[in-house]
Amino acid sequence: MTGISIVLRRLGMTLVVIVCVSIITFMATRILPTDPAALYAGPRASAEKIESVRQQLGLDNSLVSQYFSFAGDALRGDFGVSFRTRQPISSDIKRFLPATLELIFAAMILAMLIGIPLGVVAAAKPKGFVDQLTRLMAISMASVPSFWVAMILQLVFFKWLNWLPLSGQVSIETTLFSPIVPITGMGTLDALLGRNWVGFRDALRHLVLPALTLSLYPVGLAMRMTRSSMGAVMQERYITTARAMGLSELQILFKFALKNALSPVLTVLGLTFAFSLTGAVLVEVIFDWPGIGAYVTAAILAVDFPVIMAVTLVGTVIYILVNLLVDLAQATLDPRVKLG
């Protein structure tokens, strides 16, 4: 199969998954013992008002008709109106999602900059001190609850040392005197694009603690996956040949071995990136980060059905597309990999 046909095939599978997820999510929100029309109308609405809202939202139609209406609107990017904010959900997602992506990108960058080099160093001397230390670090990072880490970081870096801010995306001072002009919705990137250096420093300081908290699990995972993959690669004959030719250990590790060991690491980080869309919820709540996690948490507490369905669909699409990109990148890095 050609590359184009493989991509088309995967996109077809993606559409099937999205349809299945949309049906499950739609049915789950409809079988809950609550009345969406009453929620939308408000707690003091009369029976006539609730019935009017029911007709307005099309809730008096059959479930099949309601689903196809919802699916058709979703294909056009229209997810309806939030019961809680009374704003178009698509606008809310465009406003909140970039902040979450900024947080996840920062966490993944930390995972690559910290986890991969430590995994390579650990693989250089198996069962050595660094190898044992990284093993302990990886287990600890995967086991420690993120909310506990977040509170400890806040206690140390905000309360005791007063180095970093407690929460939020930017400070009030920056908002008043050096406001960041929104371009992409990502505070640090928008400040860079606008050459707002005061805003950039402030946004970066606010990003450090939540990104560090969210990166702990990916760092540990990247560390162990790199160590495991490098351990297998280091047994290959071309590594022995490179040593016999007198190449330095650093050249062998980072120029030859790492390139062939990156494929499974890339796969794991890609899956972790997609998983972090849900994992970021708790981190965003603790750090008062204005992302999609805090938005959907408020929607769940308010039983805001349209928001829950929309965020679920958007998260599914991002998850699947990230997996597709990871597969394509993996096939590019390693020609032996075939996309199925």
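Residues numbered from 1 in each chain as written. Predicted model: local features only at pLDDT ≥ 70, side-chain atom pairs only at ≥ 80, totals over all residues. Heavy atoms only, no water.

**Remarks on the overall build of the chain**
Let me state the cut-off plainly: Only DSSP runs of H or I covering at least 4 residues are called helices, and only runs of E covering at least 2 are called strands; the numbering of each starts at the N terminus. Think of it in three bands: with a 1.4 Å probe and only protein chains considered, a residue is buried below 20% of the maximum accessible area for its type, exposed above 50%, and partly exposed in between. Contacts between residues were defined by any pair of non-hydrogen atoms, one from each residue, lying within 4.5 Å. Here the Shrake-Rupley method, with its probe set to 1.4 Å, supplies the accessible areas, and only the displayed protein chains count as covering residues. Charge assignment in this entry is limited to Lys and Arg as positive and Asp and Glu as negative, and neither His nor the chain termini are counted. Charge placement uses NZ in Lys and CZ in Arg. For Asp and Glu, CG and CD serve respectively.
For the chain, the helix and strand inventory stands at 14 helices and 0 strands. Listed by position from the N terminus, the elements making up the chain come as α-α-α-α-α-α-α-α-α-α-α-α-α-α. Within the chain, buried positions represent 41% of all 340 residues. At a minimum sequence separation of 6, the contacts of the chain that also span at least 24 residues come to 72%. Here the chain has roughly 18,600 Å² of accessible surface; of this, 69% comes from carbon and sulfur atoms. Distance between charge centroids for the chain: 11 Å, based on 26 positive and 19 negative side chains.

**Some details on the confidence of the model for the chain**
For clarity, the threshold we go by: The quantity known as pLDDT measures the predictor's confidence residue by residue, on a range of 0 to 100.
Predicted confidence across the chain gives a mean pLDDT of 83, with 94% of residues reaching 70 or more. Predicted confidence in the chain is weakest over helix H2 (residues 36-41), with a mean pLDDT of 76, and strongest over helix H9 (residues 187-193), with 93.

**Observations regarding the side chain of Asp131**
Relative to the helices and strands, Asp131 is located in helix H6 (residues 129-143). For Asp131, the residues in contact, after removing those within four places along its chain, are Ala122, Lys125, Pro126, Arg224 and Arg227.

**Let's talk about the packing of aromatic side chains**
We count it as follows: Any pair of Phe, Tyr and Trp rings, taking the six-membered ring for Trp, is counted once the centres come within 6.5 Å. Such a pair is stacked with planes under 30 degrees apart, edge-to-face with planes over 60 apart, and tilted for the rest.
Going through the model one piece at a time under the given rule, you end up with 5 aromatic pairs. On the basis of an interplanar angle of 70° and a centroid distance of 5.6 Å, the ring pair of Phe26 and Tyr67 is categorised as edge-to-face. With Phe26 in helix H1 (residues 3-31) and Tyr67 in helix H4 (residues 63-75), this residue pair connects regions lying 41 residues apart in the sequence. The exposure class assigned to Tyr67 is buried, which follows from its relative accessible area of 13%.

**Digging into the packing of H6 against helix H10 (residues 197-233)**
Heads up, the rule is: Helix axes use the C-alpha atoms of the stretch in contact, all axes being lines fitted to C-alpha atoms, and the angles between their N-to-C directions lie in the range 0 to 180 degrees. Handedness of each helix crossing follows the sense of rotation of the near helix against the far helix: counterclockwise by less than a right angle gives left-handed, clockwise gives right-handed. Just so you know the grouping, Ala, Val, Leu, Ile, Met, Phe, Trp, Tyr, Cys and Pro go in nonpolar, Asp, Glu, Lys and Arg go in charged, and all remaining residues, Gly too, go in polar.
Where H6 contacts H10, the two axes come as close as 8 Å, and the packing angle between them is 140°. Where H6 crosses over H10, the two elements pack in a sense that is left-handed. Contacts between H6 and H10 involve Asp131, Thr134, Arg135, Met137, Ala138, Met141 and Ala142 from the former and Leu216, Tyr217, Val219, Gly220, Met223, Arg224 and Arg227 from the latter. Taken together, the residues of the contact of H6 with H10 break down into 8 nonpolar, 2 polar and 4 charged.

**Re H6**
To keep it simple, the criterion reads: A helix is expected to span 1.5 Å for every residue after the first. Here the arc refers to the set of directions running from the helix axis out to each C-beta atom.
Here H6 is 15 residues long and its end C-alpha atoms lie 21 Å apart, about the 21 Å a rise of 1.5 Å per residue gives. Within H6, the full set of buried residues consists of Asp131, Thr134, Ala138 and Met141. Taken end-on, H6 shows its buried residues confined to a sector of 95°, consistent with a single buried face. Facing away from the buried side of H6 by over 90 degrees, the exposed positions are Phe129, Leu136, Ile139 and Ser143.

**With respect to the pattern of salt bridges**
Put simply, the rule is: By convention in these notes, a salt bridge is any Lys or Arg side-chain nitrogen within 4 Å of a carboxyl oxygen on Asp or Glu.
A full pass over the atoms with the stated rule returns 5 salt bridges. Of the charged contacts in the structure, one is a salt bridge between Asp73 and Arg76, with a shortest N-O distance of 2.3 Å. Its salt-bridge partner being Asp131, residue Arg227 comes within 3.0 Å of it at the nearest N-O pair. Pair noted here: Arg227 is in helix H10 and Asp131 is in helix H6, with a separation of 96 residues, a long-range link. Asp131 carries the same exposure label as Arg227, and that label is buried. Within the structure, one salt-bridge network assembled from shared partners comprises Asp131, Arg224 and Arg227.

**Looking at helix H12 (residues 249-286)**
For an α-helix, the turn length of 3.6 residues means that residues three or four places apart are oriented alike. Under the convention used in this document: Note on bend: the value at a residue is the angle between axes fitted to the seven residues ending there and to the seven starting there.
Between its terminal C-alpha atoms H12 stretches only 44 Å, short of the 56 Å expected from 38 residues at 1.5 Å a residue. The largest bend along H12 reaches roughly 55° and is located at Leu258.

**Let's talk about the packing of helix H5 (residues 89-124) against H6**
Put simply, the rule is: Should an angle fall under 35 degrees it is called roughly parallel, over 145 degrees roughly antiparallel, and 65 to 115 degrees roughly perpendicular, with every other angle called oblique.
Relative to each other, H5 and H6 sit at 140°, their axes nearing to 8 Å. With respect to their mutual orientation, H5 and H6 come out oblique. The two elements H5 and H6 meet at a crossing, and its hand is left-handed. Contact with H5, carried on its side by Leu118, Val121 and Ala122, involves Val130, Asp131, Thr134 and Met137 of H6 and no other residues of that element. Considering only residue class, the contact of H5 with H6 consists of 5 nonpolar, 1 polar and 1 charged.

**Some points on the nonpolar core**
Put simply, the rule reads: Among buried residues, those of type Ala, Val, Leu, Ile, Met, Phe, Trp, Tyr and Cys that are joined through side-chain atoms within 4.5 Å constitute a nonpolar core.
Formed by 68 residues in total, the largest nonpolar core has its most connected members in Phe79, Ile93, Met230 and Tyr295. Ranked by residues supplied to this core, first place goes to H5 with 15 residues. In contact with Met230, other than residues within four places in its own chain, are Val120, Ala123, Leu253, Ala257, Leu258 and Ala261. Judged by nonpolar contacts, the second largest core, of 8 residues, contains Ala41, Ile50, Phe83 and Phe305.

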